[in-house]
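Chain by chain, the residues:
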Amino acid sequence: MTATEICTYNFPTKIRFGAGASAELAATLSALQIHRPLVVTDRDVAQLPWFATIEASLDPLVASTFSGVWGNPVVSQVTAGLAAYQAHGADGIVAVGGGAPMDVAKAIALMVNHPGHLFDYEDGACTRPIDQPIPAIVAIPTTAGTGSEVGRSAVISDDATHSKKIIFDPQLLPQVVLADPTLLLGLPAKITAATGMDALTHLIEAFLAKGNHPLCDGIALEGIHLVAQHLQASVDYAQRLASGEVFDEATATAHLTARAGMLNASMMGAIAFQKGLGVTHSCAHALSTVCNTHHGLANAVMLPAAMRFNLLAVPEKFLRMARVVNPGAASGEDFLTWILGLSRAIAIPPDLSALGVTTATLDELVSVAIQDGCHPCNPKPVSTEDFHAIYQDALAA
Ligand SMILES: [Zn+2]
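Overview of the structure. Within any chain, residue numbers begin from 1 and follow the written order of that chain's sequence. In keeping with the model being predicted, local features are shown solely for residues with a pLDDT of at least 70 and side-chain atom pairs are shown and tallied solely at 80 or more, while totals for entire chains, interfaces and linings include all residues.

## Here's the deal with unusual backbone geometry
Put simply, the test is: A run of H or I in DSSP becomes a helix once it reaches four residues, and a run of E becomes a strand once it reaches two; helices and strands are each numbered from the N terminus.
A positive phi angle is found at Gln33, which is not glycine, with a value near 65°. With respect to the element layout, Gln33 can be found in the loop between α1 (25-31) and β2 (37-42). Of note, Asn292 is a non-glycine position whose phi angle comes to about 55°, a positive value. Residue position: Asn292 is located in the loop between α8 (279-291) and α9 (295-311).

Following this line, the structure appears as structure tokens:
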């Protein structure tokens, strides 16, 4: 770093964190002068018992629910959600769920007062200005992964091509986040593992990203520490619940602690990656585009190969991460060993073949990945040949 450069540090929004925070929703909306909220969620979350409790808590207001989000978010979901917003005469949005409903909610909010097609507002390629007010969003995250609730962007795919576009505006940042770890207690083990690895990937890639941002670096390292403490535990508790175990009070409290740790780590990842991401995310975005792979799972499977690629470029940074998860670590290589051990322990597939990728898919993956906007922040430049080698490594791992 140089002391002569001027940097911009942006830190996010009001977060109410803790067990039961979601019960503050109606009061939060009233304080924001929102009287007719549209609740945006995905179709699975809408079936969960606690979702009905949240809806019921909005009785003092005139609320409506749009639950037409599933899988990787696409433009048609935004269009349908916008129609629901207008039909309800809504004056604000509540986003409840993981990354997909968060991103769809932000895109709906943008389109309320902005004409044309959503992709007219693509970040870096805007053909229309974002110059109108954007309705307020209150976010209630229900996974610990994307951290989209503390972000200013939405990632939405084209329905036909699956090509992902980033929509960015500071007004897309939720005004208030109600981060309630009790909502994560029923999250299945597989989703807990995949989303948790997404959070870990954000933290690692933000720490490794080029550029000077000591605030983000500090947050990233502490976030990695939280993942080391709480991800495997969260997955273990999810498995035990799925097998029918009924937790005593001490175990239930430990489970809540693990979920809270991951919910913090996930927001810290999204805060830290304002610094940038890296090659893992470019590989993962291509997997989602070409193979429709879940974003967190794609990152999880790519992470070891991508980090093997990065290790020698910034060995001292790997050593710092290694010492966060194991104070006795002797080299950066120990961090790779830790990632592999964690992946195995939480049942992440060991290689890309488990995701249906074959050598025949590699050229297409590389051609999409090379155009992705994340790898320019990677600590080491990534060429077409490098992408080939990284995918090949992840295929043959
Ligand atoms: Zn991610």
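Continuing now.
## Considering the sheet that holds strand β8 (residues 176-179)
Worth spelling out the cut-off: At least two DSSP bridges between two strands are required for those strands to pair. In this description, a line fitted to the C-alpha atoms serves as the axis of each element, helices being fitted only across the stretch in contact, and the angle between N-to-C directions of two axes falls anywhere from 0 to 180 degrees. Think of it this way: build a C-beta for each residue from its backbone, and any pair within 7 Å is a contact.
Read across the open sheet, the six strands follow the order β1-β8-β5-β4-β2-β3; overall the sheet is parallel. On the outer flanks of this sheet lie β1 (14-17) and β3 (64-69), each paired with one strand and no other. Taking the axes of each pair of neighbouring strands and ignoring which way they run, one obtains an average angle of 20° across the sheet. One ladder, built from five bridges, connects β2 with strand β4 (residues 92-97); its direction is parallel. Across the sheet, residue Val40 finds its bridge partner in β4, namely Ala95. In the packing of helix α4 (residues 99-112) onto the sheet, the strands contacted are β2, β3, β4 and β5 (137-141), and the crossing angle to β4 comes to about 165°.

## Looking at the packing of helix α5 (residues 189-208) against α9
A packed helix pair is summarised by two numbers, namely the angle formed by the two axes and the spacing between the axes. Keep this limit in mind: Throughout, a crossing is termed right-handed when the near helix is turned clockwise from the far one, and left-handed when it is turned anticlockwise from it by less than a right angle. Basically, the charged four are Asp, Glu, Lys and Arg, the nonpolar ten are Ala, Val, Leu, Ile, Met, Phe, Trp, Tyr, Cys and Pro, and anything else, Gly included, counts as polar.
Following both chains from N to C, one finds α5 and α9 inclined at 35°, their axes separated by 7 Å at the closest point. As for how α5 packs across α9, the hand of that crossing is left-handed. Listed contacts from α9 to Ala194, Thr195, Met197, Asp198, Thr201 and Leu208 of α5 are His295, Gly296, Leu297, Asn299, Ala300, Leu303 and Asn310. Counted by class, the contact of α5 with α9 contains six nonpolar, six polar and one charged residues.

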